[in-house]
Amino acid sequence: MATFKVKTTKHTSFVNITNQVREIVRNSRVNSGLCIVYVPHTTACVLINEGADPDVIRDIAYSLEKLIPWKDNYAHSEGNSAAHIRSAIIGNSRIIPIENGDLLLGTWESIFLVDFDGPRERKVIVKIIEGK
Ligand code: ZN
C-alpha cells in the first residue's frame, strides 16, 4: 500500500492526481492487476473524468453547486452537509485496471481528488492487487 498527501487550496478543489497514482503503479512492477484509489475522508472523494479540457471539471463543479447548494435546510450542525452529500454521491474510491504495468485509463481520463470542504490536507491511499 502507498499513500500520499494533497494540499488543497480552495473551498472546492479538483486536484489531478493521475501522475502520482501512475508513478506508484509503475514502481510496484505489477504487470497486470487492479489499482484501488481511496480517500479516507467524508467531505472529499475520488473522481475519474476528462482531464484534457478543464471546462469539463468546471461544469461538473457548477452542476454540483446547483444540485446540492451550500446553504439549504440541512440538519448537520457542522454546516458542511453539502460537502458530505456531494462526496457521498461521487464516492470515496475508484478501481482502475492495470495492464502492461500501467493504468488502463482512457485517452481523456484523469483521476481527481475532489475536496468539497477545503482548503485542507487530504490523504490518498493506493492499493495494488496483482492478478490476471
Ligand atoms: Zn460535517
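The paragraphs below set out a description of the structure included in this document. Counting from 1, residues in each chain are numbered in the order their sequence is written. For a predicted model such as this one, the threshold for reporting local features is a pLDDT of at least 70, and the threshold for listing and counting side-chain atom pairs is 80 or more; totals across whole chains, interfaces and linings nevertheless cover every residue. Hydrogens and water are ignored here; the side-chain numbers use all heavy atoms of the structure.

## Here's the deal with the coordination of the zinc ion
Six octahedral donors around a metal ideally sit at 90 or 180 degrees from one another, while four tetrahedral donors ideally sit at 109.5 degrees. Coordination of the zinc ion by the protein comes from His76 (NE2), Glu78 (OE), Asn80 (OD1) and His84 (NE2), over a distance range of 1.9 to 2.2 Å. Only N, O and S atoms count as donors, using a 2.8 Å cut-off from the metal and 3.2 Å for Na, K and Ca, and because water is excluded some sites may appear unfinished. By the criteria applied here, four donors are tetrahedral when all angles lie between 85 and 135 degrees, four are square planar and six octahedral when opposite donors are over 155 degrees apart and every other angle lies between 65 and 115, and any other arrangement is irregular. One can describe the donor arrangement at the zinc ion as irregular, given that its 4 donor atoms subtend angles of 93 to 148° at the metal. By relative accessible area, glutamate 78 is classed as exposed at 55%. Among the residues examined, asparagine 80 registers a relative accessible area of 5% and is labelled buried. Think of it in three bands: with a 1.4 Å probe and only protein chains considered, a residue is buried below 20% of the maximum accessible area for its type, exposed above 50%, and partly exposed in between.

## As for the side chain of arginine 86
Put simply, DSSP H or I for four residues or longer makes a helix, DSSP E for two residues or longer makes a strand, and each gets a number counted from the N terminus. Position of arginine 86 relative to the elements: it lies in helix α3 (residues 81-90). In protein, a polar contact requires one atom able to donate a hydrogen and another able to accept it; more generally it is a pair of N or O atoms within 3.5 Å, and residues adjacent in sequence count only if both atoms are side-chain atoms. A polar contact of 2.6 Å, which involves the side chain of arginine 86, links it to the backbone oxygen of isoleucine 68. Not counting the four nearest positions on each side in its chain, arginine 86 is found in contact with Thr12, Leu64, Glu65, Ile68, Pro69, Trp70 and Phe116. Working rule for contacts: check all heavy atoms of both residues, and any pair within 4.5 Å makes them a contact.

## Observations regarding the packing of aromatic side chains
Think of it this way: a Phe, Tyr or Trp ring, Trp meaning its six-membered ring, pairs with another when their centres are within 6.5 Å, and the plane angle makes it stacked under 30 degrees, edge-to-face over 60, tilted otherwise. A full pass over the atoms with the stated rule returns 2 aromatic pairs. Taking 6.5 Å as the distance between ring centres and 75° as the angle between the ring planes, the aromatic pair formed by phenylalanine 14 and phenylalanine 112 counts as edge-to-face. Residue phenylalanine 14 is located in strand β2 (residues 13-16), and its partner phenylalanine 112 is located in strand β7 (residues 109-115); the two are separated by 98 residues in the primary sequence. This pair shows no difference in class: phenylalanine 14 is buried, exactly as phenylalanine 112 is. With a centroid separation of 6.3 Å and an interplanar angle of 90°, the aromatic rings of phenylalanine 14 and phenylalanine 116 are classed as edge-to-face. Of this pair, phenylalanine 14 sits in strand β2 while phenylalanine 116 sits in the loop between β7 and β8 (121-130); the two residues are 102 residues apart in sequence, bridging distant segments of the chain. The exposure class of phenylalanine 14 is buried, given its relative accessible area of 18%. If you follow arginine 58 out to its NZ or CZ, it ends over the ring of tyrosine 62, 4.8 Å from the centre. As a reminder, the over-ring test applies to NZ of lysine and CZ of arginine, requiring each to be within 6 Å of the ring centre and within 35 degrees of the ring normal.

## Thoughts on helix α2 (residues 54-67)
Under the 1.5 Å per step criterion, the end-to-end length of α2 is 20 Å for 14 residues, consistent within 8% with the ideal 20 Å. Those residues of α2 that fall on the buried side of the exposure criterion are Ile57, Ala61 and Leu64. Buried residues along α2 cover an arc of 65° about the axis, so they all sit on one side. Opposite the buried face of α2, at more than 90 degrees from it, the exposed residues are Lys66 and Leu67. In this fold, the buried residues of α2 make contact with β2, β4 (44-50), α3 and β7. Where α2 begins, the capping side chain belongs to aspartate 53, and its oxygen is found 2.9 Å from the backbone nitrogen of aspartate 55. Multiply 1.5 Å by the residue count of a helix minus one, and that product is the helix's expected span. Here, the arc refers to the directions that run from the helix axis to the C-beta atoms.

Everything listed here is a matter of geometry and, on its own, says nothing about what the molecule does.
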